[in-house]
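A structural walkthrough
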Amino acid sequence: MIRVSVLYPQSGKFDWDYYLAKHVPLVREKLGKALKAVAIDKGLAGGQPGTPPGFVAMFHMTFDSVDAFQAAFGPHAKLLMADIPNYTKAQPQIQISEIAA
């Protein structure tokens, strides 16, 4: 199993209402059965008291394999990426990881 994490750095704007009501359902619809699980983190604070979080949001998606992710995401990449400006100005960072535990 692998996890694809989309990390949104602080940008001054993140529309959580749009993200949760429109973007996340769109991702679920387009990625279909290949998408095994989703977890969404909302950044609250950094490691030191009074510091902001490094990321305003983290979107974690679980797939059986990198190939399964690429096959599901590839056909919809332009559509999903084009929706990002509707909820943030941030340039998301993507990390693909093997789930170790």
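Check the entry above for the structure.
Computed from a predicted structure; not experimentally measured. (Residues numbered from 1 in each chain as written. Predicted model: local features only at pLDDT ≥ 70, side-chain atom pairs only at ≥ 80, totals over all residues. Heavy atoms only, no water.)

Each helix and strand counted, the protein chain has three helices and four strands in total. In the protein chain, the succession of α and β elements from N to C terminus is β-α-β-β-α-α-β. For a compact globule of 101 residues, the expected C-alpha radius of gyration is about 13 Å, and the protein chain comes in at 14 Å, within 12% of that figure. Once the C-alpha set of the protein chain is aligned to its principal axes, its extents read approximately 40 × 35 × 20 Å. Counting every position in the protein chain, which comprises 101 residues, the buried fraction comes to 34%. When the accessible surface of the protein chain is summed, it comes to about 6100 Å², and 55% of that surface belongs to carbon and sulfur atoms. Across the protein chain, 10 positive and 8 negative side-chain charges occur, with their mean positions spaced 5 Å apart. (Helix = DSSP H or I, 4+ residues; strand = E, 2+ residues; numbered from the N terminus. Rg over C-alpha atoms; globule rule 2.2 N^0.38 Å. Buried < 20%, exposed > 50% of the residue type's maximum accessible area, 1.4 Å probe, protein only. Areas by Shrake-Rupley, 256 points an atom, 1.4 Å probe, with all protein chains shown as cover. Lys, Arg positive; Asp, Glu negative; His and termini not counted. Charge placed at Lys NZ, Arg CZ, Asp CG, Glu CD.)

The next subject is the nonpolar core. If you look at the biggest cluster of nonpolar residues, it comprises 22 residues, and the most contacted ones within it are Tyr8, Phe14, Tyr19, Leu31, Phe59, Met61 and Phe63. Only strand E1 (2–9), helix H1 (16–31), strand E3 (55–63) and helix H2 (66–73) provide two or more residues apiece to this core. With six residues, H1 is the largest single contributor of residues to this core. Those residues within four positions of Tyr19 in sequence are excluded, and the remaining contacts are Tyr8, Phe14, Val24, Pro25, Ile40, Phe59 and Tyr87. (Core = buried A, V, L, I, M, F, W, Y, C linked by side-chain atoms within 4.5 Å. Contact = heavy atoms within 4.5 Å.)

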